[in-house]
Amino acid sequence: MIFPTRNPSARAAYHRACARAALFADSSTSVRLNRYNARMAKARHLEARASEQEVVS
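Residues numbered from 1 in each chain as written. Predicted model: local features only at pLDDT ≥ 70, side-chain atom pairs only at ≥ 80, totals over all residues. Heavy atoms only, no water.

(A) Spotlight on the overall build of the protein. Each helix and strand counted, the protein has 2 helices and 0 strands in total. With 57 residues in all, the protein has 18% of them scored as buried. In the protein, the share of contacts with a sequence separation of at least 24, taken over all contacts with a separation of at least 6, comes to 57%. Of the accessible surface of the protein, which amounts to about 4,400 Å², a share of 56% is contributed by carbon and sulfur atoms. (Helix = DSSP H or I, 4+ residues; strand = E, 2+ residues; numbered from the N terminus. Buried < 20%, exposed > 50% of the residue type's maximum accessible area, 1.4 Å probe, protein only. Contact = heavy atoms within 4.5 Å. Areas by Shrake-Rupley, 256 points an atom, 1.4 Å probe, with all protein chains shown as cover.)

Rendered as structure tokens:
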């Protein structure tokens, strides 16, 4: 199990991995696509937050 971290880039990588796994889950196509899109949206949000923190630092 991957434990949550305060590092947004690491969390984004975790969400991207979950998004890829969602594509191969044993579910209907629409459910898989919805899960993938939700995880990728979260990953994009975290990456944007990470780049904002780099600019501020």
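Having seen it, we continue.
(B) Expanded view of the environment of E47. Along the chain, E47 falls in helix α2 (residues 29-56). Through-space distance from the C-alpha of E47 to that of P8 is 6.5 Å; in sequence the pair is 39 residues apart. If sequence neighbours within four positions are ignored, E47 has contacts with S9, A12 and R16. Separated by 3.5 Å, the side chains of E47 and R16 make a polar contact. (Polar contact = N/O pair within 3.5 Å; in protein donor to acceptor, adjacent residues only side chain to side chain.)

(C) Just the pattern of salt bridges, in detail. One pass over the full model with this rule turns up 1 salt bridge. With its nearest N and O atoms 3.5 Å apart, the salt bridge here joins R16 to E47. On the criterion of sequence distance, the pair formed by R16 in helix α1 (residues 8-23) and E47 in helix α2 is long-range, its members being 31 residues apart. Overall, the relative accessible area of 28% leaves R16 in the partly exposed class. (Salt bridge = Lys/Arg side-chain N within 4 Å of Asp/Glu carboxyl O.)

(D) Structural view of α1. Here α1 is 16 residues long and its end C-alpha atoms lie 23 Å apart, about the 22 Å a rise of 1.5 Å per residue gives. For α1, the complete set of buried residues consists of P8, A12, H15, C18, A19 and A22. In a view along the axis of α1, the buried residues occupy a sector of 120 degrees, so they form one face of it. Where α1 starts, the residue carrying a side-chain oxygen 3.1 Å from the main-chain nitrogen of S9 turns out to be N7. (Expected span 1.5 Å × (residues − 1). Arc of directions from axis to C-beta.)

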